[in-house]
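# Chains, contacts and geometry: an overview
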Amino acid sequence: MPSAAADQCRHSRRHDTNICTEASNQPIHRMPKAQANGRTTSLQRFLASGAAAWATETITLPIDIAKVRLQTQAPLKDGSFLYRNMVQTCLLISKQEGFRALWKGYNPALLRQVSYTGIQLVIYAPIRDFISAGKEANDISFFRRVAASGSAGVLSIVLCNPADVLKTRMQSTTGRNAASMATVFRDILATDGVGGLWRGVGPNVVRSFVGCACEVGCYDQFKTSLLHHQYFTDGTA
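Just so we're clear, the structure is a prediction, and the values are computed from it rather than from any experiment. (Residues numbered from 1 in each chain as written. Predicted model: local features only at pLDDT ≥ 70, side-chain atom pairs only at ≥ 80, totals over all residues. Heavy atoms only, no water.)

### Focus: the environment of V210
Mapping V210 onto the fold places it in helix α9 (residues 201-228). The sequence separation of V210 and A147 amounts to 63 residues, and the corresponding C-alpha distance is 9.8 Å. (Helix = DSSP H or I, 4+ residues; strand = E, 2+ residues; numbered from the N terminus.)

What follows is the structure, given as C-alpha cells:
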C-alpha cells in the first residue's frame, strides 16, 4: 500500500519536484547560483583565462623578444641594423645567445599576461553592469560594453605594468648571462625609483583600452545578439 509520503509526492509533483525528494528523505543537492544560470564564477574565469594566457605566452614569447629587439636596437657604425626581420632576429639570438634566450623574460611575461588577462575578464562584467544601471543583457548598448571592456583593460594594465617593464628590460639585454627578474627589479628601483616600474604606462593604457574594447566588448555584443536570436543556448557544453 502506498505510503503517505509517496502519495504526497505523486499528487504534488506538478507543483514542486523538490517535495518528492524531501518526502523520500533523499538529500537535496542545489547547484551554486552561478552554475544554475549557466554562468561561471569569478575564480573559474580567472583560472581559465590564466591557463590560456600561460599557454599562449609560452608559445609566442620568441616572437615578442624579436619585436623588442627590432624596436630597441641602435644602428651600427655603418648605419645598418643588426636585426632586420622577425625570422632573422630569432635565428641570430638563438645562435649568439643560445636557444633558451628566445624565452628571456619568461617569468615576468607570465606574471604580466596571466594577471592582466585574468583581472580583465573578472572585472569586466561588474563594470558593465554598474555603468548599465541594472539593465537586462539585451538592453545594454554596444557603447556601454565597449566602455566597460576598455575600462577593464586600463585598470588591468595599470596594475600589471611593472611586470611589463621587467619583461622588456630582460628581453632587450643581450648576452648569454641574463640577469634574473629580482636583479632587474632591484636595478630599476636603484636607478629610476618606484616610478620606473610604470614607465610606458601611457601607451600601454591606450593600447589596452582599444584592444580590450575591440576584443571583449565586441565578443560580448555578438554573443548577446546570437543568444537573443536563439542561434544557440548559453552555458557550458
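### As for the confidence of the model for the chain
Taken as a whole, the chain shows an average pLDDT of 85; of its residues, 82% reach a score of 70 or greater. The model gives residues 8-24 a pLDDT under 50, and that stretch makes 11 contacts with residues more than four places away or in other chains. A low-confidence stretch, residues 26-32 (pLDDT under 50), is modelled with six contacts involving residues beyond four sequence positions or located in other chains. (pLDDT = per-residue confidence, 0-100. Contact = heavy atoms within 4.5 Å.)

### Quick word on the packing of helix α4 (residues 42-72) against helix α6 (residues 106-131)
Following both chains from N to C, one finds α4 and α6 inclined at 145°, their axes separated by 8 Å at the closest point. Helix-helix and strand crossings are classified by hand; for α4 and α6 the assignment is right-handed. Residue-level inspection shows S42, R45, F46, S49, G50, A53, W54, E57, T58 and L61 of α4 in contact with α6, the latter providing Y106, A109, L110, Q113, V114, S115, T117, G118, I119, L121 and V122. Looking at the contact of α4 with α6 residue by residue, the class counts come to 11 nonpolar, eight polar and two charged. (Axes fitted to C-alpha atoms, helices over the stretch in contact; angles between N-to-C directions. Left-handed = near helix turned anticlockwise from the far one by under 90°. Nonpolar A, V, L, I, M, F, W, Y, C, P; charged D, E, K, R; others polar.)

### As for α6
Compared with the 38 Å implied by 1.5 Å per residue over 26 residues, the 37 Å span of α6 between its first and last C-alpha is a close match. At Y124, α6 is bent by approximately 30°, the largest bend along its length, and proline P126 sits one to four residues beyond. Once α6 finishes, A133 follows within two positions and takes phi at roughly 55°, a positive value. (Expected span 1.5 Å × (residues − 1). Bend = angle between axes of the 7 residues up to and from the residue.)

### A look at the pattern of salt bridges
The full count for this structure, using the stated rule, is 10 salt bridges. Residue R128 pairs with D220 through a salt bridge whose shortest N-O separation is 2.8 Å. A residue pair is termed long-range when its members are at least 10 positions apart, and R128 in helix α6 and D220 in helix α9 qualify at 92 residues. By the burial criterion, R128 is buried, and D220 matches it. One salt-bridge network, held together by shared partners, links R128, D129, R145 and D220. (Salt bridge = Lys/Arg side-chain N within 4 Å of Asp/Glu carboxyl O. Buried < 20%, exposed > 50% of the residue type's maximum accessible area, 1.4 Å probe, protein only.)

### Quick word on a nonpolar patch on the surface
Taken together, the side chains of V158, F185, L189, V194 and W198 define a hydrophobic patch exposed on the protein surface, amounting to about 390 Å² of accessible area. Topologically, L189 is positioned in helix α8 (residues 181-192). (Patch = residues over 30% accessible without salt bridge, like charges linked within 9 Å, V, L, I, M, F, W, Y side chains within 5 Å. Areas by Shrake-Rupley, 256 points an atom, 1.4 Å probe, with all protein chains shown as cover.)

### Examining the packing of helix α7 (residues 142-172) against α8
Geometrically, a packed helix pair is captured by the angle between its two axes and the distance between the axes. At a minimum axis separation of 10 Å, α7 and α8 run at an interaxial angle of 105°. Between α7 and α8, the interaxial angle falls into the category roughly perpendicular. Here V165, L166, R169 and M170 of α7 come into contact with α8, specifically with M181, V184, F185, I188 and D192. Residues of the contact of α7 with α8, tallied by class, amount to seven nonpolar, no polar and two charged. (Parallel < 35°, antiparallel > 145°, perpendicular 65-115°, else oblique.)

### As for the packing of aromatic side chains
Considering all chains together, one arrives at one aromatic pair under this definition. The side chain of R112 reaches across the aromatic face of Y116, ending 4.8 Å from its centre. (Phe/Tyr/Trp six-rings, centres within 6.5 Å; stacked < 30°, edge-to-face > 60°. Lys NZ or Arg CZ within 6 Å of the ring centre and 35° of its normal.)

### What to know about the environment of V205
Here V205 shows up in helix α9. On a C-alpha basis, the gap between V205 and G153 in space is 7.7 Å, while along the polypeptide they are 52 residues apart. Setting aside residues up to four positions removed in sequence, V205 forms contacts with V154, I157 and V158.

### Describing the state of the cysteines
Under the defined criterion, the tally for this structure stands at zero disulfides. Free of any disulfide, C214 has its nearest cysteine sulfur in C218, 5.5 Å distant. The partly exposed category is assigned to C214, whose relative accessible area is 47%. (Disulfide = S-S within 2.5 Å.)

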